[in-house]
Structure formats: structure tokens, C-alpha cells
Amino acid sequence: MLWVEIGISVVKIALVLFVVLTLVAYLSYAERRISAFIQDRLGPNRVGPFGLLQPIADGLKFIFKEDIIPEGANKPFYILAPAFSLVTAIIALAVIPIGYGFNTTFFGNLNEPIHVSLQIADINAGLLYVLAITSLGVYGIVLGGWSSNSKYSLLGGIRSAAQMISYELSLGLSIIGVIAIAGSLRLYDIIDAQAKVWFLIPQCLGFLVFMVSSFAETNRLPFDLPEAEPELVAGYHTEYSSMKFAMFYMAEYTNMITASALAVCLFLGGWFPLPFGGWFGIDIEKYWYLPPIVFIAKVFLMLFFFIWVRWTLPRFRYDQLMRLGWKVLFPLAVLNLIVTSAIIVFV
Amino acid sequence: METIIFYVFAATSVIGSLVLVSHKNPVASALSLVLTLFSTAVLFILLLAHFIALIQVLVYAGAIMVLFLFTVMFLNLRDESLRFDAVKVPVKLGILSLLLLISGYFIFIGFKKIPPLNTMVISHPEPFGTVEGVGEVLFSDYLLPFELTSVLIVVAILGVVVIAKRRFD
């Protein structure tokens, strides 16, 4: 029995890795196609039908490019930094549940049915785990910026450290309202608590703060000051080339997936298809594959939203970024927390 | 299984703290402290204190150490030679091996007294280490020490501001 469970876990980990890395590759393709559509261009459409093989061509190109380590760079940290970003980005996904799971005997090979949950690890404080691991991701960026021995990289790294610390605060505070209503830090329980109504509706202020902060945490466009190209060339990854550059890129897209999945879990009702009413009496035990489909569809919508925003909004100035974080979002998150807890205690 | 994980991460945390105090590069020192904090968090998980472990990573490794690194990078301290570098390397190594010998002796004594890891874990009551467990104890039995600690931290911050300001004036 133990070996079966270990085997299931290994398969799940391999599956998540495969799906996430493929998704990351195709997100870069989607980003280019959608940006082209928004700007009335065509985008990559030469490799394969509709350019669908473009990510493979990109990957091959990254692998065969020359890997340059600049002179005066701190070599161990220079190599460590992109790996650190990518690893922290990927392992954060381990606690995201995408469905109730199902019972199976593996076509009669087991004596009694075994329950397969649709997440890798079911941690009691799963939400904290995601926050803790993503908060480690900043080290990759900061280290990459520092170890490159270049002023642009260093400025990018310092900016990202300041930005991530500032917005992590409002991100964390905006979530507490959800935790208070759901009464649990387990992502599974939080989603299940949204059967009657999505948390988007009672927690709309929290959702707003959460979304803006997660854009800042993932370094996406209105807040991509760590890599602002007009000022910093390419920010923290200026000196990186070849696969190391690609790893930073993959980490950014993986963080986008994590942020989307977290938004779906916390505010958009997880696997419940409509804001009200749960499953409308559908037998979920039987149709166990419906929740994952709904969940993944929502994640895709969120990812599209991320890309859409990037090609719609201009970049903030650095002082505007800091003012927004500390003087607008942080008080809003505190206000949301006070109102939510007052309602929970007194109503 | 748990014993293997314990020894791996106990060793990592010890090595991390040794690098922390011995490395010349301040960034390397800061990062090895992150490594130490992370492996200590794993040890907390082995003791079923998941909440403490995650808070340790979130607060110390994720926030405070980033601030540290931020300062170090901002001042751009590169290979700052340490003040007590006058102590020669062989002397350092000698002290280190002596310490290892002593601690090894205590470990061998300890083996006979400390119960195996598994029995220690099982003896904990149910809400131990979860968010509910820690929160309940923190806001009932240990409320006064908890509040006093936060006052202490405020005092420390004020002290830093006063000292730093005096130097500027």
C-alpha cells in the first residue's frame, strides 16, 4: 500500500512538472500572439500550423545559444540565481488542489479502492506554504542582479527586493479576510467554503488588493520595474544568456500560473462553475473529472487576463509604485480586514 | 525515513551557520543564514509544528533576510575582510575540530538518553503545531509575554533610529 502511494505521488509530481513546463512554453507563445492581436500585428505564425511549434523552436535556440558568464561576475551565485527562481516558482504549485479526487482500484489490481487526491501535498497550512515559497523567489532575482556585476542588473535586483517586500505585505493582508471567512488555511477547505457563494463577492475589496499585489509580485507589466527596458536595459537579467535567461523567463511565467491558481482558489470559487449554487446537484463522485476542468479553465482565463493587462497598461514610475503600495493598497487591505472581522464577530 | 531527513537537515543547518560566521563575503553569509533558517524549518516540520515552520520561512527567510540582503547589496560590500581575520586559518580549524569533538562526545552520550524520533512525535496532543493550536496558546496562556515581546521590538526599532540619527547629526 505504501509503495502504491509513493508511486501515485511520483506520477503526480511528474505530471504537474510536465504540464507546467509545457504551459509555460505555450504561455510565451500566447503572450506573443495576443500582444500581436492587441497591437494589430500577426505575431509568430511560421513554425507549424498557426505558429504552434514556435515554443519548440525557441527552446532549441535557447539550448544552443552560447552561455556567457560576464567577467567579474560572482560565478557560484550567478549560476545559482536562475535555478533558485525556477525551483521556488515550481514547488509553490505543490499544494494547489484542482478537484476532489477519485477512488480507484487500478482496474482491479488493488484489493480495496484507494483515494487519489488531485494535489501533490495536502498541507494543513497550505496557503501559508504558497506564500512562504513565493516569498523565497525574490532571492533568485536579487542574487542574479547582484552577482552579474553590472549596474543595470544591480539596480533591477534592488528594485525588485524593495517592490516585493512592499507588495507582499498587502498581498498577505488581503488574503486574511478570506481565511477568516473560510476558517481554515487549507486550500481545499477554502474552496469548499465557496459552495454557496464565491469569495469574490463578499471580499471584492480584498480581491482588488490581491490582484494588484500579485501583478507586482510577479513583476508583470504595470509593475515590471525590475526589468524596465527603457531605463535598465533588461533589469536583473541583463547579463544572462542562453538557458539561464530562459530559466528566469520560465520562472516568471510559472509565478504567473501560481498567482492565477491562487486567485482562482481564494476568490473565484475554485472548481465551482458559477458564483452561486455550487454544483446544482450534479453527482461529483461520479463525474470527478468536472472540477479539474472548471478549475483549469478558470486558470486559463486568469492567465489571459494577466497577458491582456500587460499589453494595455503603461508602466508606473518608481515613486508611484511605492506610493500605491504603501499609501493605497496597504490601508485598503487593513480596512478590508477590519470590516470583515467586525462583520464576522458582530453579525 | 524521518531519521534520515533529520540528520540531513540538521547537518545542513550546522554547515550553514558555520559558513555564516566564517565566510568573507557578506552576501554568502546572508544566504547561508537563509539555508540555516530553511533547514531549521524542516526540523520544525519533523516535530509536526507545520505552522511554526512555514512562518519561519515566510517571516525570517522571506522577509527579514531579503531586507538584510537589500542593505548588503545597496552598500555593495564585496569581500569585506572581517575584523578578526588576524586569527590564522590553522587556529580556526583547530578550534573547529575541538568543538566538533566535544559536540560528538555529547551526541554519543545523548543517544542513550534521547528517545528515538518517532516516539517523540507521537506523544504530542492533537492540535499541536497547527494554526489553531499555536493561535489559541498565543492569545490565552502566553498573551502577556507575546505582547511584551512586541513592545520590546518597538523599543529596539526606536533605539536603532535614535542611534542612527545621532551619527547623522
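Per-chain numbering applies: the sequence of each chain, read as written, is numbered from 1 onward. Think of it this way: whatever chain is written first is A, whatever ligand is written first is 1, and the rest follow in order. Only residues with pLDDT of at least 70 are given local features in this predicted model, and only at 80 or more are side-chain atom pairs given and counted; all residues enter the totals for whole chains, interfaces and linings. Excluded from the side-chain calculation are hydrogens and water; included are all heavy atoms of the structure.

## Quick notes on the overall build of chain A
Looking only at helices and strands, one finds 12 helices and two strands in chain A. Its C-alpha atoms give chain A a radius of gyration of 21 Å, near enough to 20 Å, the size a compact globule of 347 residues would have. Principal axes of the C-alpha set define a box for chain A whose edges measure 60 × 55 × 45 Å. Relative to its 347 residues, chain A shows a buried fraction of 50%. Accessible surface is estimated by sampling points in the Shrake-Rupley manner with a 1.4 Å probe; for residues, cover comes only from the protein chains shown. Carbon and sulfur atoms make up 71% of the accessible area of chain A, which totals about 16200 Å². Within this scheme the basic residues Lys and Arg register as positive and the acidic residues Asp and Glu register as negative, but His and the chain ends are omitted. Every charge is mapped onto a representative atom, which is NZ of Lys, CZ of Arg, CG of Asp or CD of Glu. Averaging the locations of the 21 positively and 22 negatively charged side chains of chain A gives two centres separated by 7 Å. The numbering of helices and of strands both runs from the N terminus, where a helix is a DSSP run of H or I of at least 4 residues and a strand a run of E of at least 2. Our radius of gyration looks at C-alpha atoms and nothing else; its globule reference is 2.2 Å times the residue count to the power 0.38. Remark: exposure states derive from per-residue accessible area (1.4 Å probe, protein chains only) relative to the maximum for the residue type, with buried under 20%, exposed over 50%, and partly exposed in between.

## Considering the overall build of chain B
Along its length, chain B carries seven helices and zero strands. Put simply, chain B runs from its N terminus to its C terminus through helices and strands in the order α-α-α-α-α-α-α. For chain B, with 169 residues in total, the buried portion stands at 24%. Residue pairs in contact within chain B that sit at least 24 positions apart in sequence constitute 66% of those at least 6 positions apart. Only carbon and sulfur atoms are counted for the fraction: they give 77% of the accessible area of chain B, which is about 12100 Å². Contacts between residues were defined by any pair of non-hydrogen atoms, one from each residue, lying within 4.5 Å.

## Structural notes on the nonpolar core
All names here are of chain A. Formed by 105 residues in total, the largest nonpolar core has its most connected members in L187, F210, L266 and F295. With 12 residues, the top contributor of residues to this core is helix α10 (residues 242–266). Discounting residues that sit within four places of it in the chain, L266 has contacts with L127, I175, V178, L187, I190, Q194, F199 and F210. Think of a nonpolar core as a cluster: buried Ala, Val, Leu, Ile, Met, Phe, Trp, Tyr and Cys residues, connected wherever their side-chain atoms sit within 4.5 Å.

## Points about empty space enclosed by the protein
Residues and elements named next belong to chain A. Whether a set of points on the 1 Å grid over the protein atoms alone is a cavity depends on a 1.4 Å probe fitting there but being unable to get out, while an open set qualifies as a pocket with protein on both sides within 12 Å along at least five of seven lines; lining residues are those with an atom within 4 Å of a point. Grid points are joined across faces, edges and corners, and a volume is the space filled by probe spheres set on the points. By the definition in use, this model includes two cavities of 30 Å³ or more. Volume-wise, the largest cavity comes out at about 320 Å³. Along its surface, the largest cavity is lined by 25 residues, and T134, M164, E217, T218 and N255 are the ones closest to its centre. Sorting elements by how many residues they give to the lining of the largest cavity places α10 first, with seven residues. Among the residues making up the lining of the largest cavity, the classes are represented as 13 nonpolar, nine polar and three charged. Charged means Asp, Glu, Lys or Arg here, nonpolar means Ala, Val, Leu, Ile, Met, Phe, Trp, Tyr, Cys or Pro, and polar covers whatever is left, Gly included.

## What to know about the layout of surface pockets
Roughly 1300 Å³ of internal volume is contained in the largest pocket. Lining the largest pocket are 33 residues, with A121(A), I123(A), Y129(A), I5(B) and I45(B) positioned closest to its centre. If you list the elements that add at least two residues to the lining of the largest pocket, you get α1 (2–38), α3 (75–91) and α4 (126–136) of chain A together with α1 (2–22), α2 (26–46) and α3 (50–75) of chain B.

## A short note on α1(B)
Residues and elements named next belong to chain B. For α1, with 21 residues, the first-to-last C-alpha span of 30 Å sits near the 30 Å given by 1.5 Å per residue. What α1 keeps buried is the set A10, S13 and G16. Buried residues of α1, viewed axially, fall in a sector of 125°; they line one side. Among the exposed residues of α1, those oriented more than 90 degrees off its buried face are I4 and I15. Residues of α1 that are buried in the fold lie against α2. Multiply 1.5 Å by the residue count of a helix minus one, and that product is the helix's expected span. This arc is taken over the directions from the axis of the helix to the C-beta atoms.

## Notes on the interface of chain B and chain A
The interface is formed by 25 residues belonging to chain B together with 25 residues belonging to chain A. Between chain B and chain A the total buried area reaches about 2300 Å² when both faces are included, carbon and sulfur atoms providing 79% of it. What counts as a salt bridge is simple: a side-chain nitrogen of Lys or Arg found within 4 Å of a carboxyl oxygen of Asp or Glu. Summed over the shared surface of chain B and chain A, the number is zero salt bridges. Polar contact criterion, stated in full: a pair of N or O atoms within 3.5 Å, where within protein one must be able to donate a hydrogen and the other to accept it, and residues adjacent in sequence count only if both atoms are side-chain atoms. For the pair chain B and chain A, the interface holds two residue pairs in polar contact (both at pLDDT 80 or more). Every element with two or more residues in the side of chain B that touches chain A is listed here: α2 and α3 of chain B. Across the side of chain B that touches chain A, the residue classes tally to 20 nonpolar, four polar and one charged. Summed over both partners, the accessible area lost on bringing two parts together, with a 1.4 Å probe, is the buried area.

## Regarding a nonpolar patch on the surface
Residue and element names in this part refer to chain A. Residues enter a patch when their relative accessible area is above 30% and they make no salt bridge; the linking distance is 9 Å between like charges and 5 Å between nonpolar side chains (Val, Leu, Ile, Met, Phe, Trp, Tyr). Together, I181, L335, V339, I343, I344, V345, F346 and V347 give the surface a local cluster of nonpolar side chains, amounting to about 830 Å² of exposed area. When residues of the nonpolar patch are assigned to their parent elements, the largest contribution, six residues, is made by helix α12 (residues 318–346). You can see V347 is positioned in the segment after α12.

## Focus on unusual backbone geometry
We note that D40(A) has phi near 60°; this positive angle belongs to a residue other than glycine. Relative to the helices and strands, D40(A) is located in the loop between α1 and α2 (54–64).

## Points about the pattern of salt bridges
Residues and elements named next belong to chain A. Within this structure, the stated rule accounts for seven salt bridges over all chains. A salt bridge links R310 to E31, with the nearest nitrogen and oxygen atoms 3.5 Å apart. Here R310 is found in helix α11 (residues 290–310), whereas its partner E31 is found in helix α1, with 279 residues between them in sequence. Judged by relative accessible area, which is 22%, R310 ranks as partly exposed.

## Quick word on α4(A)
In terms of burial, α4(A) is a largely internal element, 10 of the 11 residues being buried. Of all the residues in α4(A), the buried ones are G126(A), L127(A), L128(A), Y129(A), V130(A), L131(A), A132(A), I133(A), S135(A) and L136(A).

## Some words on the side chain of E252(A)
Residues and elements named next belong to chain A. Locating E252 in the fold gives a position in helix α10. E252 sits in the buried class, given a relative accessible area of 9%. Those residues in contact with E252 that lie beyond four places of it in its chain are T218, N219, R220, E227 and Y236.

## What about the packing of aromatic side chains?
Residue and element names in this part refer to chain A. Each pair of aromatic rings taken from Phe, Tyr and Trp, with Trp reduced to its six-membered ring, is defined by centres within 6.5 Å and is described as stacked if the planes are under 30 degrees apart, edge-to-face if over 60, and tilted in the remaining cases. Scanning all chains against the criterion turns up 20 aromatic pairs over all chains. For the ring pair Y100 and Y188, a centre distance of 6.2 Å and an interplane angle of 80° mean the geometry is edge-to-face. With Y100 in the loop between α3 and β1 (102–104) and Y188 in helix α7 (residues 187–192), the pair connects residues that are 88 residues apart, well separated along the chain. Consider the rings of F210 and F267, whose centres lie 5.3 Å apart with planes at 45°: the pair is tilted. Of this pair, F210 sits in helix α8 (residues 204–217) while F267 sits in the loop between α10 and α11, and the two are 57 residues apart along the sequence. Residue F210 is classed as buried on the basis of its relative accessible area of 1%. According to the relative accessible area criterion, F267 is buried, its value standing at 0%. Each member of the aromatic cluster is reached from another via a ring pair, and the members are F215, F304, F305, F306 and W308.

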